[in-house]
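If you want the building blocks of each chain, they are given just below.
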Number of protein chains: 2
Amino acid sequence: MRAYDLILKKRQGGSHSLEELKFLIDGYVAGDIADYQMAAWSMAVFFRGMEEQELAWLTQAMVESGQQVDLSGIQGIKVDKHSTGGVGDTTTLVLAPLVASAGVPVAKMSGRGLGHTGGTLDKLESFQGFKTQLPAQHFIDQVNSIKVAVIGQTEKIAPADGLLYGLRDVTATVDSVPLIASSVMSKKLASGADALVLDVKVGNGAFMKQKDQALELAREMVKIGENLGRRTVALLTAMDRPLGCAVGNALEAREAVEVLSGEGPDDLRQLCLELGANMLVLAGQHEDLDAARQQLANNLDNGSALAKLKEMVTAQGGSGREIDDPGLFPAAKLRHSVMAAESGWVESVETTDIGLAAQLLGAGRSRKDDIIDLAVGLLVKAKPGQRVEKGQTLVEIHANDQQKLEEAAAMVGAAYHIGQEQPQPLPLICGRVSHGDGSPVP
Amino acid sequence: MRAYDLILKKRQGGSHSLEELKFLIDGYVAGDIADYQMAAWSMAVFFRGMEEQELAWLTQAMVESGQQVDLSGIQGIKVDKHSTGGVGDTTTLVLAPLVASAGVPVAKMSGRGLGHTGGTLDKLESFQGFKTQLPAQHFIDQVNSIKVAVIGQTEKIAPADGLLYGLRDVTATVDSVPLIASSVMSKKLASGADALVLDVKVGNGAFMKQKDQALELAREMVKIGENLGRRTVALLTAMDRPLGCAVGNALEAREAVEVLSGEGPDDLRQLCLELGANMLVLAGQHEDLDAARQQLANNLDNGSALAKLKEMVTAQGGSGREIDDPGLFPAAKLRHSVMAAESGWVESVETTDIGLAAQLLGAGRSRKDDIIDLAVGLLVKAKPGQRVEKGQTLVEIHANDQQKLEEAAAMVGAAYHIGQEQPQPLPLICGRVSHGDGSPVP
């Protein structure tokens, strides 16, 4: 077998066998296949796409390129969740204890990554003393005993994905649906869960700006999961505005505590209930989504979800005192309100710019070795579809540096479009994809 | 400017500016742009194509990536010829002295290359003592004094082409019409001629198997030439069978002597007259092709073209005695006739396999450092459309090694398809493309 022939085959619209894809992926990871050949192949995939079975095989080859996590020591059906990323995406901090509080095991491995804010690990480090590295057996024991643990993911998972992503990033082949789908799914499937709920964001703060693109990505990912033997459901959810109010690490952790206390922003609560209900159904805890939603809503309102968060934080070395006294979360020195310059409707928000303003304040990394300021960020007080009066606060800025505060304030001000038309923002849940493209999970 | 953005632009179907193409090509030659980026870009070009002006600019950037030959010291309009290559393509050996015999300067730089037989330089070395390297001023002086010189081309011509071709060859992006067209034209335009006649081969012995592909390539090359200020004409000519009879270096040189003596195979004579007539018209020597053809035919028949060959060979160090006594050409020790196994029509010939048989005998290189045997090769005695009787010679093999002879004989035998249907081979001249896609040269 030769890489040349496989590039040619894809260029001509052919479909690869599992053997061919393993040859390509293993050869690339081993350094036997050159960057320039994978770059040409990736561009050919961009133009020709991949068939359903072929894409599952590509993902399988990527999964098998590295270590696969063995969660078989954990009792019950393990359901993982993955979000394609947006601004103010605090769902994991709420979902992990919430789902665990319903008796379903959550064995989650998260990353730090680059972006507007840190990853789930950074947000969890807002709880003083929280440890994100646990020995493997400790991790499994903790999930068996208290149903939940969230730790850092190993870099040995799907090494082909890291290499291929790095190459795609410099050869303009990132935005290929099959390559995105296999990238996401290879990492999740190598992490050992039995089933998967995907949160595919749509809108100007997401990678997929349009619903049809997001739907296509969701369908491809669900097909990959199902073809590789994992029950997979995807929700399409709104990211034409920030989710919740908080954008920043400690601010989001604090907001998660609020939602787990039965309070907090309604959109974040609703999304967590919907994602959590799908996780419960996939885990076999409930037969229908309504009953699952109801159990989870009860757990938010009766304190059991919040208690589960405290259990998890203390099990992983934290004091958990922030949960009883949110004033103990890291807090920024400076506050500033960005106000509406005129009265009217918030017609739209440049969601990505809100995220970039938080990153500018120090909430996120633009390079791997950047140091995050857990305290800084934004609280979004007005969203598209909302009526505001002149002088009303749109966003509250939390900063530790006056100059950055001023730059962020200017960015945030420019990100809001206020006008006289009442707009129609996306519904929070724009769609749901499960096996067979939309049929309900049995 | 960033290579990434240029790859993305092409992937999205955009058209590059000259500045962008110079950035890409110069950056690639300088090593600032990586192979994987050029590979992704080439694949995007494969799918998106290039616009007319853009393709001329790409060619210009490739021409300007290296040395450009200055032929301004040669009096008159210099017309070059290029063939896209086939089996038994002896035209340059006939054309150079023929055109010069009509008073038009021929300052030709040729290669050796890989292929079924050697390049023009190898064939010329069948004339004992012939030198293919001349000092630049000597080359120019010779053309001014006797109107013709053929020497080896410098490797400093269009270095971007060599690099890019090497990359395309391992990334399945060779057969992209704009990339082929710019590759051919960059080398020819950097060689300094004022005008250009292209011989684009069509058929199973050529790179372009189908007439529509060949026509597309011819049109793109003519447009590039015209857009860069060189009068350019392309002929589409038959390569669904070998051209002439001889396939091999000394055998072809001998055949060229025959054609220049007013004898030899009719197809080779006709093609040389047609290509030569177009060269004479582009050089301003004649207003119409008929008159040009007539002058050239006269020069074949009256001995002046043959005399010009002898002038050239002796000017470049040869004795030229082979011209008077073709028995002096290098000759192989072994002869073998491949005979028709049945009577019927030669329905088709696997032309490439005929070429490969010659290469197997030692007539051509498969690697740069292979040593060629000038004496070996084939004489093709029956072509498609011809009636043969059982036992009649199809091909005469000239070999220096019994085992290779037997392998070549088996290959040649299998390459002939004899049946009861009279086939319709391609006409020798299948088409002509000039400025404006087919309008006659004024």
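In this text the structure is predicted, and so the values were computed from the model without any measurement.

Draft legend 1. Broad picture of the environment of A195(A). Residues and elements named next belong to chain A. Looking at where A195 falls in the secondary structure, it is placed in strand β4 (residues 195–202). Given the relative accessible area of 3%, A195 is considered buried. Between the C-alpha atom of A195 and that of L282, which follows or precedes it by 87 residues, the distance is 6.6 Å. Among residues more than four places away in sequence, those in contact with A195 are K78, V79, D80, R231 and L282.

Draft legend 2. Local environment of the pairing of strand β2 (residues 106–110) of chain A. All names here are of chain A. Burial runs high along β2: five of the five residues are buried. Alternating residues of β2 divide into V106, K108 and S110 and A107 and M109, and every residue in both groups is buried. Where β2 lies against strand β3 (residues 148–152), five bridges are found, and the strand directions are parallel. Counterpart to M109 in the pairing with β3 is I151.

Draft legend 3. Structural detail: the environment of T92(B). All names here are of chain B. Within the element layout of this structure, T92 appears in helix α5 (residues 91–101). Between the C-alpha atom of T92 and that of Q153, which follows or precedes it by 61 residues, the distance is 15 Å. Ignoring anything within four residues of it in the chain, the contact list for T92 reads K81, P97, K108 and T120. For T92, the side chain forms a polar contact with the side chain of K81, separated by 3.0 Å.

Draft legend 4. Inspection of the interface of chain A and chain B at higher detail. Tallying the contact residues gives 21 residues for chain A and 21 residues for chain B. Contact with chain B buries surface across chain A, with R11(A), Y36(A) and F47(A) losing the most and accounting together for 36% of the total. Linking chain A with chain B are two salt bridges, by the criterion used here. Applying the counting rule to chain A against chain B returns six residue pairs in polar contact (both at pLDDT 80 or more). Elements with a minimum of two residues in the side of chain A that touches chain B: α1 (3–11), α3 (35–48) and α8 (159–170) of chain A. Sort the elements by how many residues they give to the side of chain A that touches chain B and α3(A) lands first, with 10 residues. Residue composition of the side of chain A that touches chain B, by class: 13 nonpolar, three polar and five charged.

Draft legend 5. Quick peek at empty space enclosed by the protein. Counted by the stated rule, this structure contains two cavities of 30 Å³ or more. As for the largest cavity, its lining consists of V79(B), D80(B), K81(B), T92(B), L95(B), A96(B), V106(B), K108(B) and M279(B). Within the lining of the largest cavity, the residues separate by chemical class into five nonpolar, one polar and three charged. As a volume, the second largest cavity reaches approximately 40 Å³. For the second largest cavity, the full set of lining residues is V79(A), D80(A), K81(A), T92(A), L95(A), A96(A), V106(A), K108(A) and M279(A). Each residue belonging to the lining of the second largest cavity can be placed in one class, and the counts come to five nonpolar, one polar and three charged.

Draft legend 6. Up close: the confidence of the model for chain A. On average, chain A scores 94 in pLDDT, and the residues at 70 or more come to 98%. Predicted confidence is poor over residues 438–442 of chain A, with pLDDT under 50, and the contacts of this stretch with residues over four places away or in other chains come to 13 contacts.

Draft legend 7. Region of interest: helix α2 (residues 18–30) of chain B. Residues and elements named next belong to chain B. With 13 residues, α2 ought to run about 18 Å at 1.5 Å a step, and its terminal C-alpha atoms sit 18 Å apart, in line with that. Those residues of α2 that fall on the buried side of the exposure criterion are E20, L21, L24, I25, G27 and Y28. For α2, the angular spread of buried residues about the axis comes to 165°, placing them on one side. α2 presents E19 and A30 as exposed residues on the side facing more than 90 degrees away from its buried surface. Residues of α2 that are buried sit in contact with α1 (3–11), α3 (35–48), α4 (52–63) and α8 (159–170).

Draft legend 8. Local environment of unusual backbone geometry. Residue and element names in this part refer to chain B. Here the phi dihedral of A158 falls at roughly 40°; this positive angle occurs in a residue that is not glycine. Position of A158 relative to the elements: it lies in the loop between β3 (148–152) and α8. Backbone geometry places A172, a non-glycine residue, at a positive phi of 55°. One can find A172 in the loop between α8 and α9 (177–190).

Draft legend 9. Geometry of the nonpolar core. In this structure, W41(A) and W41(B) are the most contacted members of the largest nonpolar core, which totals 101 residues. Among all residues touching W41(B), those that are not within four sequence positions of it are L6(B), I7(B), K10(B), H16(B), L21(B), L24(B), M50(B), L58(B) and L179(B).

Draft legend 10. How the structure looks around the relation of the copies chain A and chain B. For these two chains of identical sequence, chain A goes onto chain B by a turn of 180° and a shift of 0.0 Å along the axis, with RMSD 0.0 Å. Look at the turn and shift together and you get a two-fold axis relating the two. Closest approach to the rotation axis within chain A is made by the C-alpha atom of Y36(A), at a distance of 1.8 Å. In this assembly the copies share their binding face: 100% of the residues contributing to the interface of chain A also contribute to that of chain B.

Draft legend 11. Geometry of the sheet that holds strand β12 (residues 416–419) of chain B. Residues and elements named next belong to chain B. Taken in spatial order, the three strands make up an open sheet running β10-β8-β12, and their pairing is antiparallel. Each edge of the open sheet carries a strand with a single partner, namely β10 (387–388) and β12. As paired elements, strand β8 (residues 344–349) and β10 share two bridges and run antiparallel to each other. Within β10, the position partnered with W345 by the bridge is R387. Sitting on the sheet, helix α17 (residues 402–415) is in contact with β8 and β12, with an inclination near 40° to β12.

Draft legend 12. Quick peek at the environment of M1(B). Assignment of secondary structure puts M1(B) in the segment before α1. The spatial distance from the C-alpha of M1(B) to the C-alpha of F23(B) is 7.8 Å, given a sequence separation of 22 residues.

Draft legend 13. Region of the structure containing the side chain of D80(B). Residues and elements named next belong to chain B. Turning to its location among the elements, D80 is positioned in strand β1 (residues 79–83). By relative accessible area, which is 6% here, D80 ends up buried. Polar side-chain contacts of D80 include one of 2.9 Å to the side chain of K108.

Draft legend 14. The arrangement of the packing of helix α5 (residues 91–101) of chain A against helix α12 (residues 266–282) of chain A in detail. Residue and element names in this part refer to chain A. Where α5 contacts α12, the two axes come as close as 10 Å, and the packing angle between them is 45°. Between α5 and α12, the crossing angle belongs to the class labelled oblique. Along this stretch, α5 crosses α12, giving a crossing that reads as right-handed. Contact residues: α5 offers T91, V94, L95, L98 and V99, while α12 offers L268, L271, C272, L273, L275, G276, M279 and L280. For the contact of α5 with α12, the residue count by class is 11 nonpolar, two polar and no charged.

Draft legend 15. Up close: the domain arrangement of chain A. All names here are of chain A. What the domain assignment lists for chain A is domain 1 (3–49), domain 2 (79–324) and domain 3 (331–419). Using only C-alpha atoms to locate each centre, domain 2 and domain 3 end up separated by 24 Å. In this assembly, 29 residues from domain 2 lie in contact with 27 residues from domain 3. When domain 2 packs against domain 3, the two sides together hide about 2000 Å² of surface, and 57% of this comes from carbon and sulfur. Taken together, the links from domain 2 to domain 3 amount to two salt bridges. Going through the elements one at a time, β6 (246–248) and α11 (249–260) are the ones with two or more residues in the side of domain 2 that touches domain 3. Taken together, the residues of the side of domain 2 that touches domain 3 break down into 10 nonpolar, 11 polar and eight charged.

Reading guide: rules and limits
Residues numbered from 1 in each chain as written. Chains lettered and ligands numbered in written order. Predicted model: local features only at pLDDT ≥ 70, side-chain atom pairs only at ≥ 80, totals over all residues. Heavy atoms only, no water. Helix = DSSP H or I, 4+ residues; strand = E, 2+ residues; numbered from the N terminus. Buried < 20%, exposed > 50% of the residue type's maximum accessible area, 1.4 Å probe, protein only. Contact = heavy atoms within 4.5 Å. Pairing = 2+ DSSP bridges. Polar contact = N/O pair within 3.5 Å; in protein donor to acceptor, adjacent residues only side chain to side chain. Buried area = accessible area lost by both parts, 1.4 Å probe. Salt bridge = Lys/Arg side-chain N within 4 Å of Asp/Glu carboxyl O. Nonpolar A, V, L, I, M, F, W, Y, C, P; charged D, E, K, R; others polar. 1 Å grid on protein atoms, 1.4 Å probe; cavity = no way out; pocket = protein on both sides within 12 Å on 5 of 7 lines; lining within 4 Å. Points joined across faces, edges and corners; volume = space filled by probe spheres on them. pLDDT = per-residue confidence, 0-100. Expected span 1.5 Å × (residues − 1). Arc of directions from axis to C-beta. Core = buried A, V, L, I, M, F, W, Y, C linked by side-chain atoms within 4.5 Å. Least-squares fit on C-alpha atoms with pLDDT ≥ 70 in both. Axes fitted to C-alpha atoms, helices over the stretch in contact; angles between N-to-C directions. Parallel < 35°, antiparallel > 145°, perpendicular 65-115°, else oblique. Left-handed = near helix turned anticlockwise from the far one by under 90°. Domains from an automatic or database assignment.

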